[in-house]
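Results of the structural survey
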Amino acid sequence: MGQKLKITGWVAAGAVAGALTTVSLQTVARGSLAPLPLEELQQLAAVFGMVKSDYVEPVDEKKLISDAISGMVAGLDPHSQYFDKKSFKEFREGTTGRFVGVGIEISQEDGLIKVVSPIEGSPAFRAGLKPNDMITRIDDTAVRGLSLNEAVKRMRGEANTKVLLTIFRKDENRTFPVTITREEIRTQSVKGKMVEPGYAWIRLSQFQERTVEDFVRKVDELYKADPNLKGLVLDLRNDPGGLLDAAVAISAAFLPDNVTVVSTNGQLPESKFVYKASPEFYQRRAGPDPLRRLPAAIKNVPLVVLVNEGSASASEIVAGALQDHKRATILGSQTFGKGSVQTVRPLGPDTGLKLTTARYYTPSGKSIQARGIVPDVLIDESEEGNLFSLLRTREADLEKHLGNGQVPEVKDPLLEKRREEARKRAEEEARKPASERKLPEYGVLEKDFQLVQALNQLKGRPVLVSKTQVIENKAEKKEN
């Protein structure tokens, strides 16, 4: 435990753009450094001087240095990153599950921003926004042509500032303006309900500071609704990751005490560590262990875990731990493969460096990196097959991604052909009216094919196994 105490701050886990990354926050750099390459540093200084004196127009010195650091770090792997003041703030907001905005979950449809759901109690909720409302303008900016991320940035801002949204409500066939005052929003990362008598569904959309408390509260609600729970589906689909201690805690909720959940290995002594299903490995603050409030039956309830290509990092840690200890049956698609640890070291009060420092390993010692977790049962996303999964980017698709460290990567020569076929099918699907599109709606039995298969698994009924999915790493296929 001594090694862990050297790491200060928080530890987190995640995937790609818009997702969180596995991170341990440190304030102390390595004690000993190799001699610096003086000739190369002289070249860097010479280039800096030439740009300052010879470039067509004056260049800000601080921006030059910041860009040089960003370029150096970006050349390592997709997850190492230099944080300037703005990106450091956004990163910290992502791990806490708090941000300043209007409080809506959104998606993109026909070039506009669609309200999926207002967050209960948020400014958008109080302003009367409804699911399926379309946002056509944000202040004076037309939404059509903006990316989803650009729209999100325009709706976020400082607390107590106002944003004007122009709303088109389809079912009332009217357009109207709504002025909303931004405030701090706390996102809800845990959802759950009884989907059938005796069978519950819990979805984790992200691993945040409040996830463990919210998970305990939700499990308690479900057991009060049905004390004789026959089976539970833990839904980790499209969960990009989040805090490592939350992932260890969720794993510990289902596993015997003190068994290994995940291990890490890298150059630093602090990077060589084993995390176990015990409070000292997941509790951030002094006080009672929140998992002690869980019903004892949670340790033995039949469990199915749903994963897909969007399940990354912290999600893969939980799935890998439950799979290796044979505590759950994993259903779905091969996961993202984000199995590296990033350490964040502050460089000042408002800037920091996120650097890949270790790889993750499941309890049996398998590296997650660039391979992911292969389900026990491969299930398509719909009865018609996988319409979009092949189009999703996985870790192994990212340029300069870190290797697995155990087995060589072998690319499927037919993968691009299969992806081209999937693109055509996706385009055909997109041309259909929204009411006819076969998109899954998580947690709704009539629209969630994989959830139905998970319930079949729990009940001992036949499961419709995928006939088309191919494990992307051949070495993993051979191993399994």
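Reading guide: rules and limits
Residues numbered from 1 in each chain as written. Predicted model: local features only at pLDDT ≥ 70, side-chain atom pairs only at ≥ 80, totals over all residues. Heavy atoms only, no water. Helix = DSSP H or I, 4+ residues; strand = E, 2+ residues; numbered from the N terminus. Buried < 20%, exposed > 50% of the residue type's maximum accessible area, 1.4 Å probe, protein only. Contact = heavy atoms within 4.5 Å. Areas by Shrake-Rupley, 256 points an atom, 1.4 Å probe, with all protein chains shown as cover. Core = buried A, V, L, I, M, F, W, Y, C linked by side-chain atoms within 4.5 Å. Pairing = 2+ DSSP bridges. Salt bridge = Lys/Arg side-chain N within 4 Å of Asp/Glu carboxyl O. Axes fitted to C-alpha atoms, helices over the stretch in contact; angles between N-to-C directions. pLDDT = per-residue confidence, 0-100. Patch = residues over 30% accessible without salt bridge, like charges linked within 9 Å, V, L, I, M, F, W, Y side chains within 5 Å. Parallel < 35°, antiparallel > 145°, perpendicular 65-115°, else oblique. Left-handed = near helix turned anticlockwise from the far one by under 90°.

**Examining the overall build of the chain**
Regarding its fold elements, the chain presents 12 helices and 22 strands. Residues counted as buried form 49% of the 480 residues belonging to the chain. Partitioning the contacts of the chain with sequence separation of at least 6, the portion at a separation of at least 24 is 70%. Carbon and sulfur atoms make up 53% of the accessible area of the chain, which amounts to about 23700 Å² in all.

**Considering the nonpolar core**
Of all hydrophobic cores here, the largest spans 54 residues; its most connected members are F215, L234 and F254. With 9 residues, the single largest contributor to this core is helix α8 (residues 244-254). Aside from chain neighbours lying at most four places away, what touches F215 is V190, I202, L204, I250, A253, F254 and L294. Judged by nonpolar contacts, the second largest core, of 18 residues, contains L129, M155, L165 and I180.

**Observations regarding the pairing of strand β17 (residues 273-276)**
Residues F273 and Y275 point to one face of β17 and are all buried, whereas V274 and K276, pointing to the other face, are not buried. Pairing analysis gives 4 bridges linking strand β16 (residues 260-265) to β17, with the strands arranged antiparallel. Counted as the bridge partner of V262 is Y275 from β17.

**Describing the environment of V163**
In this structure, V163 sits in strand β9 (residues 162-169). According to the relative accessible area criterion, V163 is buried, its value standing at 0%. Separated by 61 residues in sequence, V163 and V102 have C-alpha atoms that sit 8.4 Å apart.

**Brief notes about the pattern of salt bridges**
For the coordinates displayed, the defined rule picks out 20 salt bridges. Of the charged contacts, one joins K52 and E61 as a salt bridge, the two residues approaching to 3.5 Å between their closest N and O atoms. Between E196 and K459 there is a salt bridge; the shortest N-O distance is 2.4 Å. Residue E196 is found in strand β12 (residues 190-196), and its partner K459 is found in helix α11 (residues 449-459); the two are separated by 263 residues along the sequence. Judged by relative accessible area, K459 falls into the partly exposed class, the value being 26%. Within this structure, D133, R169, E172 and R174 form a network of salt bridges that share partners.

**Brief notes about the sheet that holds strand β13 (residues 199-204)**
Strand order across the open sheet formed by 6 strands is β12-β13-β14-β18-β19-β22, with mixed pairing between neighbours. Each edge of the open sheet carries a strand with a single partner, namely β12 and β22 (377-378). Set on the sheet, α11 makes contact with β12, β13, β14 (231-235), β18 (303-307), β19 (329-332) and β22; between it and β18 the angle comes to about 155°.

**Quick word on the confidence of the model for the chain**
Per-residue pLDDT for the chain has a mean of 85; in total, 88% of the residues score no lower than 70. Every residue in residues 1-31 scores below 50 in pLDDT, and together they form 116 contacts with partners more than four places removed in sequence or on other chains. Scored below 50 in pLDDT, residues 474-480 shows 10 contacts in the model against residues more than four places distant or in partner chains.

**What to know about a nonpolar patch on the surface**
Residues L36, L38, L41 and L44 make up a contiguous nonpolar surface patch of about 410 Å² in total accessible area. Judged by relative accessible area, L38 falls into the exposed class, the value being 58%.

**Some words on the environment of G242**
Locating G242 in the fold gives a position in strand β15 (residues 242-243). Considered as a pair, G242 and S313 are 71 residues apart in the sequence and their alpha carbons are 7.7 Å apart.

**Side note on α11**
Of all the 11 residues making up α11, 8 are buried; the element is thus mostly covered by neighbouring parts of the structure. Within α11, the full set of buried residues consists of F449, Q450, L451, Q453, A454, L455, N456 and L458. Taken together, the buried residues of α11 touch β12, β13, β14, β18 and β19. The positive-phi residue at the C-terminal boundary of α11 is G460, with phi of around 75°.

**A word on the packing of helix α2 (residues 38-54) against helix α3 (residues 61-74)**
Contact geometry of α2 with α3 gives a least axis separation of 11 Å together with a crossing angle of 140°. Considered as vectors, α2 and α3 are oriented oblique to each other. For α2 against α3, the interelement crossing comes out right-handed. The residues of α3 that touch α2, namely those facing F48, V51 and K52, are E61, L64 and I65.

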